[in-house]
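# Fold and contact review
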There are 2 protein chains.
Amino acid sequence: MSELHNRIRKSSLHSRITTVDQVIPLFKNGMNLGWSGFTPAGYPKAVPIALADHVEKNQLQGKLRFNLFIGASVGVETEDRWASLDMIDRRWPYQTGKNIQAGINEGRIRMGDKHLSMFAQDLGYGFYTKDNGGRLDLAIIECSAITENGDLVLTASCGAVPEIVQIADKIIIEINTSIPNFEGLHDIVEPITPPNRLPYLICRVDDRAGSPYVRVDNDKIVAIVESDKPDNGRAFSEQDDTSEAIAANIIDFFSAEVKAGRLPKSLLPLQSGVGSIANAVIGGLANGPFTGLKVWTEVLQDTMLDFFDSGKLDFASTVSLSFSVDGFKRFYGNWDKYSNKVMMRPLSIANHPEPIRRLGCIAMNTPVEFDIYAHANSTLVGGTRMINGIGGSGDFLRNAYLSIMHTPSARPTKTDPTGITCVVPHVPHVDHTEHDLDVLVTEQGLADLRGLDPKSRAKLIIQKCAHPDYKPLLADYFERAAHDCLGRKAGHEPQLLDRVFKMQVNLAKKGTMKIDNWDI
Amino acid sequence: MSELHNRIRKSSLHSRITTVDQVIPLFKNGMNLGWSGFTPAGYPKAVPIALADHVEKNQLQGKLRFNLFIGASVGVETEDRWASLDMIDRRWPYQTGKNIQAGINEGRIRMGDKHLSMFAQDLGYGFYTKDNGGRLDLAIIECSAITENGDLVLTASCGAVPEIVQIADKIIIEINTSIPNFEGLHDIVEPITPPNRLPYLICRVDDRAGSPYVRVDNDKIVAIVESDKPDNGRAFSEQDDTSEAIAANIIDFFSAEVKAGRLPKSLLPLQSGVGSIANAVIGGLANGPFTGLKVWTEVLQDTMLDFFDSGKLDFASTVSLSFSVDGFKRFYGNWDKYSNKVMMRPLSIANHPEPIRRLGCIAMNTPVEFDIYAHANSTLVGGTRMINGIGGSGDFLRNAYLSIMHTPSARPTKTDPTGITCVVPHVPHVDHTEHDLDVLVTEQGLADLRGLDPKSRAKLIIQKCAHPDYKPLLADYFERAAHDCLGRKAGHEPQLLDRVFKMQVNLAKKGTMKIDNWDI
């Protein structure tokens, strides 16, 4: 018996095994599709790539377009290639790739982003496919096995699969035989619609709230295909001096909080984003003074393996394993060592405010920029150009015990090495409000904003976080705004609306945010 | 035995009974104070008023200033009078009153607002009083009784009392003998700090998760005084044609959602704010087609009594009873009828994402304004002038099954009956993001934004919600912005940052938001 047949333990399903070519005709223009996958891991590859080949070969660009609902981003060889072939009409709630971003920002692809925990729920409620009776036409789910009962064993992510299989009319399964069977690593709670929901009984990061399997109506499974394509592993973000300095500021802060009795010595469950700063923070913790640490997050990167190896990290709950190719090799090669320290959960649990707030997570994420009153922009460069989406940052930052955002204080433009300040008077797009954030950090320093009114926050953020090139400009703005607004008895949070985005306008025109002055 | 002694069933506490004059010396300049109370109900009156009299009589204005932490706003005869006597340095997280607002917007009072559920937690964590070891120096708690065990029975609100008594060094109790004993109406969960928290076992609005009493270290009780002052009842907001039209739009929407199968016939637990629109919605439901309704909210106004009387409302969970003087009379006069249909809970439970999301609440709140992409400003007029605070609107709107905001499409200025549009290109302050809101409503119509990308949202909001006086201006802005941003491949959410607040600037200068055109 082939490995594929071995993986499908319910033998009556063997008759559904087919080839990717056979499933192509199932796809019709305008369909609503749901995929497995999350920040590229555990997504279907064989069928989406075959469909892209079909479109390319038959010059069907623009004639086979789909509405694509996936937990978050998936590999560029799938969604981004689809975008390049004009195969995407709508895309929710997060994406990566140059072609898909071009499509969104040029108006060809309609994208919406929502907090990931809400996305999963709202998709399940049928809110995104109201015009289609709340249904998805077709789902494509990557699995590592199917049990004797016909339950699905997922692969390197859980995403929004539980909701997708509930509302999908038909399901295509890709069994990936090139990777181990992940059985036991997932914790799936079957979604229930209000008002009949129960508490999620998760009081520790390693508590199991559901079952290892996704239950699915087997009659919906119209095809099972074999896949031998690995996830398109995430490239490792190099650490640099700036990231190291930011991480050092954060570790110092944790030490002070432990000393003050506001954090236990083993800290609290950590949520950490992706990228070089997140890697530096995890690296710092792996070499730091704290032990018995736990992680409750969305994505595990390669540095988490080092963190486990350091002996400091006890357990990690995540939505996906987003390792590099080498990281996956390391994980698979040490399966017994790592696999019982990891649990994967769907968005609707991992990002749910209920466990995040109960556990008291420490949330750490990188924005595009933040402002002097502690609003942050995570999604739209210049207030208008979409990068990836808000993802789960709001789920964590709103509900964490400590909500931390970290960014370099300045970024380069083509003509000015510090042409962009990441500390501005007013972010042109707000994803996280002043009511949500506790601590802002750059390589310059850390501003602890807890208990501060807006004007005190502004002074501290400029002092601690701004790049020296921008400190005088920001201080001058704040002083002018305070003078104007307090003078007309409207100065709780001073702003000058007639020139508040002068730095951004200057950047667009002159390639730097260094304006001469704040005169209009 | 006096009524006061009857209410204090632990007789060893009778020795702590004293007069308000005797407690005045306990108050020292610079102290951190915690009060009971929430959107004016259940707050201490005897001691705060006596202290204000003391300051006024002895000309101590500016010499006795306090940091004031209270669940939300309290009666104007207390906090607003304190503000008029320069007795407030810091105030968290919500307030009402002309004097306190003037103090905040002129820079004399430092106010911060945070989602109420987080405020209660963060206060308990000691975040707001870090410089004081995380402690409150003194708490003043209004109670209706003290049990044999020394546990507190609160009055018409729960606010942040459970957290306040935990971190207060000393506690003054006001026993209000002018109102009934509220015993059994409260559901108190003792706050626990992470990582040792348990789920809140609330699956129905009438589920009890804790005890009817606030447990408190009796050694902290330094004084018990009698109070005969009733809550300063909330004035009733008159309904008008605009509110009625908004309410009718919402009821129609509910009917359509029930028909589509996305809402049960008894809807889902309702959260409704305060004011004329909220009253109109509740009035509409009391006369509407839905039965077996439930309320999970922060504040019950007089209209809720009519709602009970209509037979349509089964149960209401709330933080406070914010009735008018007549409303309280009606509640007290029909105690048996109403009291077993009501439960009061503290902020940390009533506003907690866990029950709000599990129950699948329908959240309805009024903003100052919203924008064409569905961001809403709830706190700062003109982006800078504080009104009351964000309150619990974010707790509910982020976590509800349906998140609805309702406002008149325009408001008058001194010179123009529609001088202010409540639908703007870009709100100058964001309290609720595009990622949070599902439905926007004005008297003009209702925009169902679920599943729409930003540009589709903008078109629909302008079409359905904007006042006819502003529709052409808003449509022109959107068209210009889209043309500009899509042209430079940055048009996910088009804006023109060099003129985005032109309407607001015009309002400040010319008393209307009706600009001639969008040229710079």
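As the structure is a prediction and not an experimental result, all values here were calculated from the model. (Residues numbered from 1 in each chain as written. Chains lettered and ligands numbered in written order. Predicted model: local features only at pLDDT ≥ 70, side-chain atom pairs only at ≥ 80, totals over all residues. Heavy atoms only, no water.)

### Some words on the relation of the copies chain B and chain A
We apply this condition: Least-squares superposition aligns the copies on the C-alpha atoms of those residues with pLDDT at or above 70 in both. By definition in these notes, contact holds between two residues if any of their heavy atoms fall within 4.5 Å.
When chain B is fitted onto chain A, the two copies agree to an RMSD of 0.0 Å after a turn of 180° and an axial shift of 0.0 Å. Such a combination of rotation and displacement between the chain copies is what one expects of a two-fold axis. For chain B, the minimum C-alpha distance to the rotation axis belongs to Glu 354 of chain B and amounts to 2.3 Å. In this assembly the copies share their binding face: 100% of the residues contributing to the interface of chain B also contribute to that of chain A.

### Quick look at the sheet that holds strand S23 (residues 423-424) of chain A
What counts here: A strand pair is defined by DSSP finding two or more bridges across the two strands. Segments assigned H or I by DSSP are reported as helices when at least four residues long, segments assigned E as strands when at least two residues long, and all are numbered from the N terminus.
Spatially, three strands are ordered S17-S16-S23 (chain A) in an open sheet, and the strand pairing comes out mixed. Each edge of the open sheet carries a strand with a single partner, namely strand S17 (376-377) and S23 of chain A.

### Brief notes about the pattern of salt bridges
Heads up, the rule is: Salt bridge criterion: a side-chain nitrogen from Lys or Arg within 4 Å of a carboxyl oxygen from Asp or Glu. Buried, partly exposed and exposed residues are distinguished by accessible area as a fraction of the type maximum, computed with a 1.4 Å probe on protein chains only: under 20%, between the cut-offs, and over 50%, respectively.
Scanning the model with the defined rule gives 74 salt bridges over all chains in all. Arg 450 of chain A is the partner of Asp 448 of chain A in a salt bridge, and the nearest nitrogen-oxygen pair spans 2.9 Å. Arg 450 of chain A matches Asp 448 of chain A in its accessibility class, with the two residues each being buried. By sharing partners, the salt bridges in this structure join Lys 130 of chain A together with Glu 257, Arg 262, Asp 448 and Arg 450 of chain B into a single network.

### Focus: the domain arrangement of chain A
Residue and element names in this part refer to chain A. The line we're drawing: Domain delimitation follows an automatic or database domain assignment. Here the buried area means the combined drop in accessible surface, using a 1.4 Å probe, for two parts upon being joined, counting both sides.
Taken domain by domain, chain A comprises domain 1 (3-227) and domain 2 (241-411 + 420-467). For domain 1 and domain 2, the distance between their C-alpha centroids amounts to 28 Å. The interface of domain 1 with domain 2 comprises 48 residues on the first partner and 43 residues on the second. Both sides of the domain 1 and domain 2 interface together cover about 3,500 Å² of buried area, and 65% of this is carbon and sulfur. Looking at the side of domain 1 facing domain 2, the largest losses of area belong to Leu 185, Tyr 200 and Val 205, adding up to 22% of the total buried there. The tally of links between domain 1 and domain 2 comes to one salt bridge.

### Some thoughts on the interface of chain B and chain A
Rules: Identification of polar contacts relies on pairs of N or O atoms within 3.5 Å, with a donor-acceptor requirement for protein atoms, meaning one able to donate a hydrogen and the other able to accept it, and with residues adjacent in sequence counted only if both atoms are side-chain atoms. Residue type decides the class: Asp, Glu, Lys and Arg count as charged, Ala, Val, Leu, Ile, Met, Phe, Trp, Tyr, Cys and Pro as nonpolar, and the leftover types, Gly among them, as polar.
Counting from both sides, the interface comprises 89 residues of chain B and, opposite them, 89 residues of chain A. Between chain B and chain A lies a buried interface of about 7,400 Å² when both sides are counted; carbon and sulfur atoms form 56% of it. Considering only the side of chain B, the residues that lose the most area to chain A are Arg 357, Arg 398 and His 435 of chain B, jointly responsible for 11% of the buried surface there. Seen at the junction of chain B and chain A, the total is eight salt bridges. Linking Lys 114 of chain A and Asp 438 of chain B is a salt bridge whose minimum nitrogen-to-oxygen distance equals 3.0 Å. Put simply, chain B and chain A have 46 residue pairs in polar contact (both at pLDDT 80 or more) between them. Here the side of chain B that touches chain A is composed, by residue class, of 37 nonpolar, 24 polar and 28 charged.

### A short note on the packing of helix H10 (residues 302-309) of chain A against helix H11 (residues 325-333) of chain A
All names here are of chain A. To keep things clear, this is the line we draw: All axes here are fitted lines through C-alpha atoms, helices being fitted over the stretch that makes contact, and every angle between N-to-C directions spans 0 to 180 degrees. Angle categories: roughly parallel below 35 degrees, roughly antiparallel above 145, roughly perpendicular from 65 to 115, and oblique for all the rest.
Closest axis-to-axis distance for the H10/H11 pair is 9 Å, and the angle between their directions is 40°. Judged by the angle between their axes, H10 and H11 are oblique. Note on element contacts: H11 touches H10 through Gly 327, Arg 330 and Phe 331, opposite Asp 302, Leu 305, Asp 306 and Asp 309. In terms of residue class, the contact of H10 with H11 is made up of two nonpolar, one polar and four charged.

### Observations regarding the sheet that holds strand S17 (residues 376-377) of chain B
Residues and elements named next belong to chain B. Spatially, three strands are ordered S17-S16-S23 in an open sheet, and the strand pairing comes out mixed. Among the strands making up the open sheet, the edge pair consists of S17 and strand S23 (423-424). Pairing of strand S16 (residues 369-371) with S17 involves two bridges; the strand directions are antiparallel. Across the sheet, Phe 370 pairs through a bridge with Ala 376, a residue of S17.

### Some thoughts on the environment of Arg 499 of chain B
Mapped onto the elements of the fold, Arg 499 of chain B is located in the loop between helix H17 (471-487) and helix H18 (502-510). Residues Arg 499 of chain B and Tyr 477 of chain B lie 22 residues apart in sequence; the distance between their C-alpha atoms is 9.6 Å.

### Thoughts on the UniProt feature "domain: Acetyl-CoA hydrolase/transferase C-terminal" (unreviewed entry) in chain A
Definition in use: UniProt positions are given in the numbering used here, feature names are shortened, and annotations may be inferred rather than shown by experiment.
Under the UniProt annotation, "domain: Acetyl-CoA hydrolase/transferase C-terminal" (unreviewed entry) lies at residues 327-477 of chain A. Taken end to end, residues 327-477 of chain A is 32% helix and 22% strand, and its two terminal C-alpha atoms sit 47 Å from one another.

### So, the UniProt feature "domain: Acetyl-CoA hydrolase/transferase N-terminal" (unreviewed entry) in chain A
According to UniProt, the feature "domain: Acetyl-CoA hydrolase/transferase N-terminal" (unreviewed entry) maps to residues 19-226 of chain A in the numbering used here. For residues 19-226 of chain A, the end-to-end C-alpha separation is 8 Å, with 24% helix and 22% strand making up the annotated structure.

### Examining empty space enclosed by the protein
Residues and elements named next belong to chain B. Put simply, the rule reads: Here a cavity is any set of points on a 1 Å grid over the protein atoms alone where a 1.4 Å probe fits but cannot get out, and a pocket is any open set with protein on both sides within 12 Å along at least 5 of 7 lines; a residue lines the site when it has an atom within 4 Å of a point. Grid points are joined across faces, edges and corners, and a volume is the space filled by probe spheres set on the points.
Using the criterion set out here, one finds 10 cavities of 30 Å³ or more in the structure. Here the largest cavity defines a volume of roughly 140 Å³. The wall of the largest cavity is formed by 16 residues, among which Gln 121, Glu 163, Pro 191, Ile 192 and Arg 197 lie closest to the centre. Of all elements in the fold, only helix H6 (116-125), helix H7 (161-167) and helix H13 (347-350) reach the threshold of two or more residues within the lining of the largest cavity.

### A closer look at the state of the cysteines
Threshold: Count a disulfide wherever a pair of cysteine sulfur atoms falls within 2.5 Å.
Scanning the model with the defined rule gives zero disulfides over all chains in all. With no disulfide of its own, Cys 422 of chain B has Cys 465 of chain B as its nearest cysteine by sulfur position, at a separation of 11 Å.

### Some thoughts on helix H4 (residues 76-84) of chain A
Given 3.6 residues per helical turn, the α-helix brings residues three or four places apart onto the same face. Residues and elements named next belong to chain A. Test applied: Picture the helix axis, draw a direction to every C-beta atom, and the arc is the one those directions span.
For H4, the set of buried residues is Thr 78, Glu 79, Asp 80, Trp 82 and Ala 83. Viewed along the axis of H4, the buried residues span an arc of 165°, placing them on a single side of the element. Phi turns positive, to about 55°, at Asp 86, one or two residues after H4.

### Quick notes on the side chain of Gln 101 of chain A
Considering the arrangement of structural elements, one finds Gln 101 of chain A in helix H5 (residues 98-105). Side chain to side chain, Gln 101 of chain A and Gln 95 of chain A meet in a polar contact 3.5 Å long.

### Concerning the packing of aromatic side chains
Each aromatic ring pair is characterised by the separation of its centres together with the angle its planes make. The condition is simple: Pairing of aromatic rings covers Phe, Tyr and Trp, the last counted by its six-membered ring, and requires centre-to-centre distances within 6.5 Å; plane angles under 30 degrees mean stacked, over 60 mean edge-to-face, and any other angle means tilted. For a ring to carry a charge above it, either NZ of a lysine or CZ of an arginine must fall within 6 Å of the ring centroid while also lying within 35 degrees of the normal to the ring plane.
One pass over the full model with this rule turns up 45 aromatic pairs over all chains. Residues Phe 66 of chain A and Trp 82 of chain A carry aromatic rings whose centres are separated by 5.4 Å and whose planes lie at 40° to one another, so their mutual orientation is tilted. Of this pair, Phe 66 of chain A sits in strand S2 (residues 66-70) while Trp 82 of chain A sits in helix H4, and the two are 16 residues apart along the sequence. For Trp 82 of chain A, a relative accessible area of 0% corresponds to the buried category. Aromatic rings pair up to connect Phe 182, Phe 308, Phe 323, Phe 328, Phe 331, Tyr 332, Trp 335 and Tyr 338 of chain A into one cluster. Geometry around Phe 127 of chain B places Arg 450 of chain A over its ring, the cationic atom sitting 4.3 Å from the centre.

### A look at the environment of Asn 377 of chain B
Residue and element names in this part refer to chain B. In this fold, Asn 377 is placed in strand S17. With relative accessibility at 0%, the residue Asn 377 sits in the buried group. On a C-alpha basis, the gap between Asn 377 and Ser 276 in space is 19 Å, while along the polypeptide they are 101 residues apart. Each residue touching Asn 377, except ones within four places of it in the same chain, is listed here: Pro 367, Val 368, Glu 369, Val 427, Pro 428, His 429 and Asp 431. A distance of 3.2 Å separates a polar side-chain atom of Asn 377 from the backbone nitrogen of Thr 379.

### Quick notes on unusual backbone geometry
The omega torsion across Trp 92 of chain B and Pro 93 of chain B is -10°, close enough to zero to call that bond cis. Tracing the backbone through its elements, the reader meets Pro 93 of chain B in the loop between strand S3 (88-92) and helix H5 (98-105). In the segment running from Pro 194 of chain B into Pro 195 of chain B, the intervening peptide bond is cis, with an omega of 10°. In this fold, Pro 195 of chain B is placed in the loop between strand S7 (168-176) and strand S8 (221-227). A positive phi is found at Thr 39 of chain A, a non-glycine position, where the angle reads about 30°. Position of Thr 39 of chain A among the secondary structure elements: in the loop between strand S1 (32-35) and helix H3 (46-57). Thr 39 of chain A sits in the buried class, given a relative accessible area of 9%. Unlike most non-glycine residues, Leu 267 of chain B shows phi in positive territory, near 55°. For Leu 267 of chain B, the location among the structural elements is in the loop between helix H8 (241-259) and strand S9 (270-272).

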